[in-house]
Each structure stands twice: as structure tokens, then as C-alpha cells.
Amino acid sequence: MQAGKLRHRVELQQKGTGRNPDTGGVIDVWQSVTTVWASIEPLSAREFIAAGATQASVTTRITIRYREGVTAQMRAVSRGKIYNIEGVLPDDKSGREYLTLPCSEGVNDG
């Protein structure tokens, strides 16, 4: 993977729990795991159509260097946009060089 393609800063977040400051009750919150360099590419019309009905919500492909622990239960945030990670696909050669994250855009409550 060429480093020049990884030009976007992306924060990976996972769901955790916190306390509501008003009531003291337990609430779900998104917590930062790490910030990585990534490539963010909107899918072309051809790729979007090829994805078919089952993946119609997938609108963006985010590529990052390989990192342990990235799951589809996480989300990515870049420039104020929230990307819901729909899957985690390792590279086809070694499986440990980079990860492709098919994503949909929008608020993710978990």
C-alpha cells in the first residue's frame, strides 16, 4: 500500500458505557479507540450497483493499514462524518497488510 493514498485522518470508535451526568444512570457512549491514516473512497455507480440489494447501504470504502481488533461493531469518524463499518476485509495476499472497511454513512447508535 502506498502511503500517499492514506491521506485522511480517521478516528475508530467502539461502543462503551458511561454515566448520564443528570440522572446518574448508565448510558451507551462511543469511545475513541485510535486515530489512523486512511483512504476514503466513495463507491462508483458501477460498484454500488454490483453490490446488490443486500449491501445497498454500503456507500464508501475506507482502507487502513492492518490493525488487530477492528470489527464491524465499530464506527469511523472523519471530518465530522460518521461511517458505520459494515464489514472488515483483509487484503487478499497476506491478510496482514491492509484492511478494507465497506461503510455506510450516517449516525450509528450501535
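Reading guide: rules and limits
- Position numbers for residues count from 1 along each chain, tracking the sequence in the order it is written.
- At least 70 in pLDDT is required for a residue's local features to be given in this predicted model, at least 80 for side-chain atom pairs to be given and counted, and no such filter applies to totals for whole chains, interfaces and linings, which use all residues.
- To get the side-chain values, all heavy atoms of the structure are used, and hydrogens and water are removed first.
- We count a stretch as a helix when DSSP gives it H or I for four or more residues in a row; a strand needs E for two or more, and each element gets its number in order from the N terminus.
- For every residue, the predictor assigns a confidence score, pLDDT, that lies between 0 and 100.
- Partly exposed describes any residue whose relative accessible area lies between the buried limit of under 20% and the exposed limit of over 50%, with all areas from a 1.4 Å probe on protein chains only and scaled to the type maximum.
- The contact rule is simple, with two residues in contact once any of their heavy atoms fall within 4.5 Å.
- The criterion for strand pairing is that DSSP finds at least two bridges linking the strands in question.

Q: Sorry, what's going on with unusual backbone geometry here?
A: Note on backbone geometry: most residues besides glycine have negative phi, and most peptide bonds are trans. Positive phi, close to 50°, is recorded for Arg-79, a residue that is not glycine. Tracing the sequence through the fold places Arg-79 in the loop between β4 (75-78) and β5 (81-85).

Q: Help me understand the confidence of the model for the protein, please; the structure alone is not making it clear to me.
A: Reading predicted coordinates in detail is not appropriate for stretches of low pLDDT. Mean pLDDT for the protein: 86, with 82% of residues reaching 70 or above. Across the protein, the secondary-structure element scoring lowest on mean pLDDT is helix α1 (residues 45-50), at 59, and the one scoring highest is β4, at 96.

Q: Can you walk me through the environment of Ala-38 in this structure?
A: Among the structural elements, Ala-38 can be located in strand β2 (residues 26-42). A relative accessible area of 0% means that Ala-38 is categorised as buried. Distance from Ala-38 to Lys-5, taken between C-alpha atoms, is 7.5 Å for residues 33 residues apart in sequence. Excluding residues within four positions of it along the chain, Ala-38 makes contact with Lys-5, Leu-6, Arg-7, His-8, Val-10, Ile-62, Thr-63 and Ile-64.

Q: What's the story with the pairing of β2 in this structure? I'm lost.
A: Two faces make up the sheet, and in a regular strand the side chains alternate between them. Two strands pair when backbone bridges link them, and strand β1 (residues 8-19) and β2 are joined in this way by twelve bridges, in the antiparallel orientation. When the bridges of β2 are listed, Lys-15 appears paired with Trp-30. Connecting the antiparallel pair β1 and β2 is a turn made up of six residues, with Gly-24 showing a positive phi of about 80°. Pairing of β2 with strand β3 (residues 60-65), which is carried by five bridges, proceeds in the antiparallel orientation. In the sheet register, Pro-42 faces β3, and the bridge partner there is Thr-60.

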